[in-house]
Each structure stands twice: as C-alpha cells, then as structure tokens.
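Here's the letter readout for the chains.
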Amino acid sequence: MAAPQHVRAAPLARALRATATATASAPVPIKSQGTSRRALLGLSEPQLRQLALDLGQESYRGKQLHDLLYKSRAKQIQDFNHVPKAFREALLGAGWSAGRSPVHHAITASDGTTKILLKLEDNRLIETVGIPVDDDNKGSSRLTACVSSQVGCPLRCSFCATGKGGFARNLQPHEIVEQVLAIEETFKHRVTNVVFMGMGEPMMNLKSVLEAHRCFNKELKIGQRMMTISTVGVPNTIKMLASHKLQSTLAVSLHAPNQKLRETIVPSAKSYPLGALMDDCKNYFLETGRRVSFEYTLLAGINDEKQHAEELAELLRTCGGGYHVNLIPYNPIEGSEYKRPYRKVVQAFVDALEARKITVSVRQTRGLDANAACGQLRNEFQKNPLLEIEPSPSTEPTLVPA
Ligand code: SF4
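How each quantity is defined
Residues numbered from 1 in each chain as written. Predicted model: local features only at pLDDT ≥ 70, side-chain atom pairs only at ≥ 80, totals over all residues. Near = placed C-beta within 6 Å. Nonpolar A, V, L, I, M, F, W, Y, C, P; charged D, E, K, R; others polar. Helix = DSSP H or I, 4+ residues; strand = E, 2+ residues; numbered from the N terminus. Buried ≥ 20, exposed ≤ 12 C-beta atoms within 10 Å, placed from the backbone. Pairing = 2+ DSSP bridges. Axes fitted to C-alpha atoms, helices over the stretch in contact; angles between N-to-C directions. Parallel < 35°, antiparallel > 145°, perpendicular 65-115°, else oblique. Left-handed = near helix turned anticlockwise from the far one by under 90°. Contact = placed C-beta atoms within 7 Å.

Some details on the site of the ligand
- Near the ligand lie 12 residues; those nearest to it are C153, L155, C157, C160 and G163.
- Here the residues of the shell around the ligand sort into seven nonpolar, three polar and two charged.

Right, here's the structure in full:
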C-alpha cells in the first residue's frame with residue numbers, strides 16, 4: 001500500500017467552519033471564485049423576478065429568464081431572444097452570465113455509461129457521468145447523473161483517482177446544476193436520479209450542494225428521494241445535513257470496519273473517529289426517517305475477508321436499524337496498488353453479512369472500459385497536478401503532501 005497522504009487538522013477545521021453557515025435556501029448570488037461573472041443558472045423564479053425588478057424590468061421578465069434557463073436551456077444571454085435587447089444588455093452589463101460551460105470531451109462505454117468533461121470558466125475540467133438503466137420489468141428507463149462538487153478533492157482517499165489528482169476549488173451551485181443539464185442534452189433524456197458521488201467531498205462544499213439540490217428538486221423536478229448525497233465523513237456536517245430534513249439518501253463511504261484500517265484507506269478519518277461517525281449516522285436516520293447507505297469498496301486482500309464482514313456487522317449493530325450496505329468491488333485505476341477482489345470473495349463477504357441479517361447489495365460495475373473510476377478521465381486531460389495551485393483563503397483546506 002502506498003503511503004497515505006494526510007489533510008492538516010487545522011485547515012480541515014477551518015473548512016468545516018466555513019460550511020457551518022450552509023443553508024438550503026438559495027442566497028442572493030455573489031460573484032465567486034472561479035468565475036468572473038455571476039450565474040443565472042441555479043436561481044429560483046422569485047430570485048429571477050427580483051433581479052428583473054432590480055434592473056428596471058417588469059417582474060414577468062424574471063419568469064421569462066426562468067423559462068429560458070430551465071425549459072429552453074439557452075446557454076448564453078445573447079441567445080435570450082424572448083427578452084428585449086436592452087434587458088440582455090443590462091444583464092451583461094451587470095456582470096451576469098447564463099452559467100453554462102462547454103463540453104470539452106465525452107467518452108461512452110459499451111454499456112452506455114457516458115463520462116463528460118466540462119471546461120469551466122477558469123479552464124478547470126470537471127467530470128460528470130450519465131448512467132442509463134433500462135428497467136425491463138417496468139418498461140421504464142432511468143438516467144442517473146453522478147455529479148462532482150469540487151474541482152479535484154482534498155481528502156486523498158488512497159484508492160481514488162480524484163484524490164490522487166489534488167484539489168483546486170469548490171464548485172459554485174450553477175457548476176453543479178449544469179452537469180445534469182449537460183447529461184440530459186447528451187442523452188436527450190430526462191435525468192431521473194442524482195448522486196453527489198463525483199469528484200470532491202460534497203460535505204466540504206455543503207452550501208453549494210444544498211443550493212444545487214434545491215434547484216434539481218424545484219426547477220428540474222427531480223424528486224428528493226431520487227437524490228443521494230455521499231460523504232466519506234466530515235465532522236459535524238452530517239448533523240448539519242440532518243437539520244435540513246431532506247428526503248434524500250445519505251451515503252457514507254466506510255471502506256473499513258475499524259478505525260485503524262479505515263485510516264490507512266481514508267486518511268481524513270483520523271479527524272473523525274468511527275464511533276462518532278456511526279452516532280451521527282444513527283441520528284440522521286432518527287431525524288429524517290431516511291436510512292443510511294454504507295458504501296464499502298472491496299479491496300482485494302485489504303478489507304475483503306470474512307472477518308472484516310463480521311466486524312462490519314458488529315459495527316452496524318451500533319447504528320440502529322436504518323441502514324443498507326452497498327459493496328463496491330474495486331475498479332482498478334492506473335498506478336494503484338489495489339486489486340479487484342475475485343467474485344467468490346465478494347460473494348463470501350455478502351454471505352457473511354446476510355447471515356447476520358444485514359441488507360446488502362453489490363454495485364454493478366458500469367463503464368469499466370471508459371475510464372469510469374471517479375477522476376480518471378479528468379486526470380488524463382488535465383495533466384498539471386492541481387496541487388501546484390496556491391490555494392487562496394477561500395479554497396481551504398490546504399494540503400500537505402506526504
Ligand atoms: S473517494 Fe471521494 S472523498 Fe475520497 S478522495 Fe475520492 S473524491 Fe475525495
């Protein structure tokens with residue numbers, strides 16, 4: 001196993017304080033890091049109506065903006081043909097943009113999984129993935145969007161291509177929302193499910209994640225129960241998320257049944273003891289009524305033995321009844337020391353959990369032939385390590401390469 005790399009405790013604490021003011025209601029937009037203009041995408045109809053009034057227009061012009069963004073999917077203010085030229089010029093003059101980025105590259109696997117790279121205004125690349133699933137029994141089809149919440153990731157989990165690529169900055173709400181629009185345009189199909197499981201740790205950018213979640217639900221009509229927010233565990237943020245009482249699933253990436261092993265796989269776990277994490281998950285279930293999904297990546301010879309499954313079952317017993325285990329046989333990435341477990345080992349792990357009455361599923365590997373592991377495609381196109389960028393005070397946390 002490669003030497004794990006660690007996140008400094010103090011910057012992590014500062015980053016957590018920064019998320020402490022997170023709120024589900026979309027605030028008045030401000031110009032923000034990574035963008036030179038303020039973005040219309042992500043705003044609600046009342047906010048757009050207020051903006052129209054602020055720029056000397058009738059309120060209904062705001063409704064027109066709403067339709068242009070979410071129904072017509074106009075990509076530039078210059079294309080807003082339904083509103084007067086003077087209003088378009090006022091928007092541009094006040095520093096607004098539609099908030100859409102061009103597709104830089106897209107790659108499709110044989111199973112239809114499509115990974116899209118978007119090129120942001122500051123030339124950063126982010127990944128987003130569309131995963132189509134046909135439900136033959138119901139005669140319907142689902143399209144899941146796996147969205148990124150940060151450019152890179154500061155947490156550096158040892159098996160993760162995104163973590164290996166470093167961290168640049170948090171995404172703004174519109175940069176999360178536009179990923180779903182890009183997937184819908186690529187597939188010419190409505191996105192039915194959203195998982196915040198792409199690049200980055202969503203809980204370290206909770207304010208933008210909650211604003212994007214609101215927009216998906218209210219503007220794009222994606223049900224809250226169709227969305228999953230994933231985390232590797234960031235102290236205090238699960239409580240914060242629970243207080244919003246969303247009807248979305250919380251997915252917690254455990255990857256190990258005990259603190260010692262977990263710290264070798266997820267270095268940031270040092271700042272969040274497993275007992276405290278499990279207590280927070282239990283409380284999330286009690287507060288929201290939504291069961292927690294525990295994600296467990298099976299790494300051959302590391303955490304995939306029967307004794308690990310037994311220990312995991314014991315650990316979950318402390319968490320009450322509201323949970324489900326999702327096993328993910330490791331999807332190898334270039335340069336990784338980890339290997340994918342054999343199918344019979346995975347089955348033995350499942351059997352050991354089921355024998356202890358744990359509900360468990362094994363995630364089907366999608367798009368194995370399309371650089372599917374999170375961060376892999378981006379790393380191919382963005383060769384400059386993100387860590388070379390000097391983080392500004394608002395891009396915390398600072399990283400310490402091992
Ligand atoms: S697994 Fe998630 S939290 Fe860990 S480094 Fe990768 S993107 Fe970040």
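Quick notes on the environment of P273
- Its place among the elements puts P273 in the loop between α9 (259-265) and α10 (274-288).
- We classify P273 as partly exposed; it has 15 C-beta atoms within 10 Å.
- Here the alpha-carbon distance between P273 and Q259, two residues 14 residues apart in the chain, equals 6.7 Å.

Some details on unusual backbone geometry
- In this structure, K221 is a non-glycine residue whose phi angle is positive, near 60 degrees.
- In this structure, K221 sits in the loop between α7 (206-218) and β11 (227-231).
- Under the C-beta neighbour-count criterion, K221 is labelled exposed, with 10 such atoms within 10 Å.
- For K357, which is not glycine, the phi torsion reads 65 degrees and is therefore positive.
- With respect to the secondary-structure elements, K357 resides in the loop between α12 (343-354) and β15 (360-362).
- Using a count of 10 C-beta atoms within 10 Å as the deciding quantity, one classes K357 as exposed.

Some remarks on the sheet that holds strand β7 (residues 140-146)
- The 10 strands are arranged β4-β5-β6-β7-β10-β11-β12-β13-β14-β15 in an open sheet whose pairing can be described as mixed. The sheet terminates laterally at β4 (103-108) and β15, the two strands that pair on one side only. Between one strand and the next, the sheet's axes are offset by a mean angle of 20 degrees, whatever the strand orientation.
- Of the strand pairs in this sheet, strand β6 (residues 125-135) and β7 are connected by seven bridges, and their pairing is antiparallel. Paired with P132 across the two strands is L143, which belongs to β7.

Things to note about the packing of helix α6 (residues 173-187) against α7
- The contact between α6 and α7 brings their axes to 8 Å, and the two run at 40 degrees. Considering their axes alone, α6 and α7 lie oblique with respect to each other. Pair α6 / α7 crosses with right-handed handedness. Together, P173, I176, V177 and V180 of α6 and S208, V209, E211, A212, C215 and F216 of α7 make up the contact between the two elements.
- Class assignment for the residues of the contact of α6 with α7 results in eight nonpolar, one polar and one charged.

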